[in-house]
Amino acid sequence: MVSLLKTTIDVFGDSKVCRFAFISCLYSCLLFFTSSFSLENLCAQDNSECLECHTDPAEVDVKVRIDHVTGEVEIVSMLVDADAYHASAHGGEDFYCIDCHADLEGSEGEHYPNLQPVDCITFCHDDPAETFLEGSHANLMREKGVALPTCKHCHAGEKSKRDTPRADNLYHRMDTIEKCGGCHTKYYHSYRNNLHGQVTAMGHVGTDIATCVDCHGQHTILNSSDPESTLGPENAKETCGKCHPGASDSFIKHVAHPQYKNLGYYKSAIVALLNIRKDPGQVKSIIKSPQIILTILFVMYVGILVITFAQFGTHMLLSWLGTLLDERKGKESEHDK
Amino acid sequence: MTSNNTILRFGLFHRFGHFLIIISFFGLVLTGMPLVFKEYAWARFLYNLMGGYPTAGNIHRICALITFLAAFLHFAFLTFETLVRKNRNIFWGPESLLIQPKDILNILGDVLWFFRLGKRPQFDRYIYWEKFEYLSLMWGTMVMGVTGFILWFPVQSASLIPAYVATFIDLPSIALVAHRYEALLAAGFIFSIHFLHTHLLPENIPVDEAMFTGRIDEGHMKHERGAYYERLKEEGQLEELKVQPASRKAKFVSKMMGLPLLAVGLLMVGFMLSSLICSIIFVLADLTKNINFDIFSVFAF
């Protein structure tokens, strides 16, 4: 112990080492001061204060959260993945935890457990919220008594709801298809039958392939029969033209949701045929729609496939059997000689 | 004179054409078929193996162009033979690939043979199922080419028809349906029926090398295509067609090329068939979902 002390004194006795230690000390002090005196940190609490505890598994735990709209109960980890947060839409330089968790402003150290739900709308996102809440989609949901989703329902991050994804985030685009499809199952399946849906099903959801929101709009979701909607006769050329430059009047008539694999379509066609005397309009509207050609083609191809494989499969098996039997016969006759 | 009993069955031109078709067909199926079976994990794996979204599509288009090259070469050959060489055998007669009256008799004879009611008929240069395969390839290439071009240039092809017709006839959607199910038909046919008919027959297993080396054994030919052999002998063409037997190297190369392709094709057809069965079970489950039939109700009385 004494010898160790002696050697340290010896080393510090050397003037060069002493000078180096002094300069490095000064330099680090300078760095520390410049960083702590930057402009933003004077006005707001630093995120690093929050992240100090919220990235340490020993300090924070899981919490039971009850969604105040849907009543859904979930167990949420209070740990923050700093990288995922910084990659999210709110992870930029000028965002602070207390911007959204405003009830924590001015508090220091440990805070009370149950914070107020974050209000996305009042101060920041009043525009999209208004267009969504007053759009026909939300009105229809109110009429039908379906609970309206909150912002966080759709804009949830991959691992935690807190990591609000950016609009072109790949996970978000994939998640949107599933979330729209969760209610609109019929349209989800027919979308998957179309080329856009096939490619997104392969796991490619870049902005070069259309998902639900690319055609139907993001917050102002109107029924496609509404002339004001993104797929109305006036707007459709522009909407399709985002990816297909030069989209013409006949191009926008594309059947994006083919029904030929939907059992309900066949059922309704049969019902319409049975009611042909009472209500011939039903059959007429089915015949007039472009779906009928696709359906006929599909049924025709299924027929061709079944007939071809049944016929050639039997032919195959029989000729195999015949050849084997002939070979055995040939061997026997050779044996007789 | 050395005893030479190897006969040239396919010339270099036809072997080259077949080689082009093999390459392009496998490229097309491997990049296109995953999109049909999009719900299944193997499809997603295969699609990403082929390079994912833009790459797999580009491979598909390059392979399509190779197919067009092969089709162009084939039709150029047909025109050359009919117009320059005045060869009428292409459209009529025993050398033709079109269905002839004798083929109907051969089919009937084969049906009788299946049920052990007679001997197998003697076939000529092309057997009737080979003619069906050829004709379906021609039809399939035409459908796939036209619909593929519509899908490649959807905006331009949709503009070909006026807007009021487009409300009833939507070209890109029709093209997609036709392209998808014609592809299922073609891939399923080639990978099961064509493979089983030519390569996996008891006498040819594992690979029929005739299309790769172009040569066929005299005894094998006599057994497989008796009428052709007799006809060649009568016309005295047999000696002209006799060539040196294929070298061991050529046989080895053709086996090394044929076997992996065969394996990939059979694997694909296995995946496709199992997925199809799964899909059909799902549809049946969906159909019977609303039927509350309790099997144990029979014990209730």
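Please read these numbers as outputs of a predicted model, since none were measured by experiment.

S.K.: Quick question: what am I supposed to make of the overall build of chain B here?
M.R.: Check the secondary structure of chain B and you find 13 helices and 2 strands. With the principal axes as the frame, chain B shows a C-alpha extent of 80 × 65 × 40 Å. Here chain B holds 301 residues, and the buried ones make up 26% of them. Relative to all contacts within chain B whose residues are 6 or more apart in sequence, the contacts with residues 24 or more apart total 74%.

S.K.: I tried to follow the overall build of chain A on my own but got confused; where do I start?
M.R.: A tally of helices and strands in chain A yields 17 helices and 2 strands. Relative to its full complement of 337 residues, chain A shows a buried share of 16%.

S.K.: Any chance you could explain the interface of chain A and chain B here in plain terms?
M.R.: Accessible area lost on assembly of the parts is the figure often given for the size of an interface. On the chain B side, the residues contacting the 38 residues of chain A number 41 residues. Looking at the side of chain A that touches chain B, the elements with two or more residues in it are α12 (195-201) and α17 (291-336) of chain A. Looking at which element gives the most residues to the side of chain A that touches chain B, the answer is α17(A), with 17 residues. For the side of chain A that touches chain B, the residue count by class is 23 nonpolar, 11 polar and 4 charged.

S.K.: Could you clarify how one ought to interpret the confidence of the model for chain A in this entry?
M.R.: For chain A, per-residue confidence averages 82 on the pLDDT scale, and 85% of positions sit at 70 or higher. Scored below 50 in pLDDT, residues 37-44 of chain A makes 4 contacts in the model with residues more than four places away or belonging to other chains.

S.K.: Just checking my understanding: could you explain the nonpolar core for this structure?
M.R.: Buried together is how nonpolar side chains tend to be arranged in soluble globular proteins. The biggest cluster of nonpolar side chains holds 43 residues, and the ones touching the most others in it are V29(B), M33(B), A187(B), I190(B) and M268(B). Elements with a minimum of two residues in this core: α12, α14 (236-241) and α17 of chain A together with α1 (12-36), α2 (41-49), α3 (52-84), α8 (171-199) and α13 (248-287) of chain B. Residue contributions to this core peak at 12 residues, all from α8(B). Excluding residues within four positions of it along the chain, M268(B) makes contact with V29(B), M33(B), A187(B) and F191(B). If you look at the next biggest cluster of nonpolar residues, it comprises 7 residues, including F123(B), M221(B), Y228(B) and Y229(B).

S.K.: I'm lost on unusual backbone geometry in this one. Help?
M.R.: A negative phi holds for most residues other than glycine; trans holds for most peptide bonds. Residues and elements named next belong to chain B. The phi dihedral of K86 falls on the positive side, at around 55 degrees, and the residue is not glycine. Its place among the elements puts K86 in the loop between α3 and α4 (101-114). With a phi angle near 55 degrees, R116 is a residue other than glycine that sits in the positive phi range. We classify R116 as exposed; it has 12 C-beta atoms within 10 Å.

S.K.: Explanation requested: the environment of K152(A) in the structure shown.
M.R.: Residues and elements named next belong to chain A. Along the chain, K152 turns up in helix α9 (residues 151-154). Judged by the 16 C-beta atoms lying within 10 Å of it, K152 falls in the partly exposed class. Once the C-alpha coordinates of K152 and R173 are considered, the two residues, 21 residues apart in sequence, prove to be 15 Å apart.

S.K.: How do you make sense of the packing of α1(B) against α13(B) when you look at a structure like this?
M.R.: For any two helices packed against each other, one specifies the crossing angle of their axes together with the interaxial distance. All names here are of chain B. Viewed as axis vectors pointing N to C, α1 and α13 meet at an angle of 30 degrees, and their least axial separation amounts to 12 Å. When the interaxial angle is binned, α1 and α13 end up roughly parallel. Where α1 crosses over α13, the two elements pack in a sense that is left-handed. Taken together, the residues of α13 that come into contact with α1 (itself represented by I22, F26, V29 and M33) are L261, V264, M268 and M272. Looking at the contact of α1 with α13, its residues break down into 8 nonpolar, no polar and no charged.

S.K.: How do you make sense of the pairing of strand β1 (residues 62-66) of chain A when you look at a structure like this?
M.R.: The two faces of the sheet receive side chains in turn, since in a regular strand these alternate between them. Residues and elements named next belong to chain A. The element β1 is barely covered by neighbouring structure, given that only 0 of its 5 residues are classed as buried. Bridging between β1 and strand β2 (residues 73-77) involves 5 bridges; their strand directions are antiparallel. For R65, the partnering residue across the bridge sits in β2 and is E74.

S.K.: Would you mind showing me how to read the environment of Y47(B) here?
M.R.: Inspection of the secondary structure puts Y47(B) in helix α2. A sequence separation of 12 residues divides Y47(B) from L35(B), and the C-alpha atoms of the two residues are 7.9 Å apart. Each residue touching Y47(B), except ones within four places of it in the same chain, is listed here: M202(A), P34(B), G52(B) and A56(B).

S.K.: Looking at this structure, I do not really get α1(B). What am I missing?
M.R.: Since the α-helix advances by 3.6 residues per turn, residues separated by three or four positions end up pointing in the same direction. With 25 residues, α1(B) should cover 36 Å at 1.5 Å per step; its first-to-last C-alpha distance of 36 Å lies within 8% of that length. The largest bend along α1(B) measures about 30 degrees and falls at L30(B), with the proline P34(B) one to four residues further on. Buried within α1(B) we find S24(B), F25(B), G27(B), L28(B), V29(B), L30(B), T31(B), G32(B), M33(B), P34(B) and L35(B). On its buried face, α1(B) sits against α12 of chain A together with α2, α3, α8 and α13 of chain B.

S.K.: Help me understand the confidence of the model for chain B, please; the structure alone is not making it clear to me.
M.R.: Mean pLDDT over chain B stands at 88; residues scoring 70 or higher make up 96%. For this predicted complex, the interface score ipTM comes out at 0.89, alongside a pTM of 0.83.

S.K.: Just to check I follow, could you spell out the environment of D119(A) for this structure?
M.R.: Residues and elements named next belong to chain A. Mapped onto the fold, D119 is located in the loop between α6 (97-100) and α7 (126-134). Classification of D119 as exposed rests on a count of 12 C-beta atoms within 10 Å. On a C-alpha basis, the gap between D119 and Y187 in space is 32 Å, while along the polypeptide they are 68 residues apart.

Rules used in this analysis
- For every chain, the first residue of its written sequence is number 1, and the numbers climb from 1 along that sequence.
- Chain labels run from A onward and ligand labels from 1 onward, assigned in the order the entries are written.
- The model is predicted, so local features are restricted to residues of pLDDT at least 70 and side-chain atom pairs to those at 80 or more, both for listing and for counting; the totals for chains, interfaces and linings are taken over all residues.
- Helix and strand definitions here come from DSSP, where helices need a minimum of 4 consecutive H or I residues and strands a minimum of 2 consecutive E residues; each element is numbered from the N-terminal end.
- With C-beta atoms placed from the backbone, a residue counts as buried when 20 or more other C-beta atoms lie within 10 Å of its own, as exposed when 12 or fewer do, and as partly exposed for counts between those limits.
- We call two residues in contact if the C-beta atoms placed from their backbones are at most 7 Å apart.
- By the convention adopted, Pro, Cys, Tyr, Trp, Phe, Met, Ile, Leu, Val and Ala count as nonpolar, Lys, Arg, Asp and Glu as charged, and the other residues, Gly among them, as polar.
- The predictor attaches a confidence to each residue, called pLDDT, with possible values from 0 through 100.
- We define a nonpolar core as a collection of buried residues of the types Ala, Val, Leu, Ile, Met, Phe, Trp, Tyr and Cys that are connected via C-beta atoms lying within 7 Å of each other.
- Axes here mean lines fitted to C-alpha atoms, for a helix over just the part in contact, with angles spanning 0 to 180 degrees between N-to-C directions.
- Roughly parallel covers angles under 35 degrees, roughly antiparallel covers those over 145, roughly perpendicular covers 65 to 115, and oblique covers all other angles.
- By convention the crossing between two helices is left-handed if the near helix lies anticlockwise of the far one by an angle smaller than a right angle, and right-handed if it lies clockwise.
- Two strands qualify as a pair provided DSSP detects at least 2 bridges between them.
- Expected helix span is computed as 1.5 Å times (number of residues minus one).
- Two axes define the bend at a residue: one fitted to the seven residues ending there, one fitted to the seven starting there, and the bend is the angle between them.

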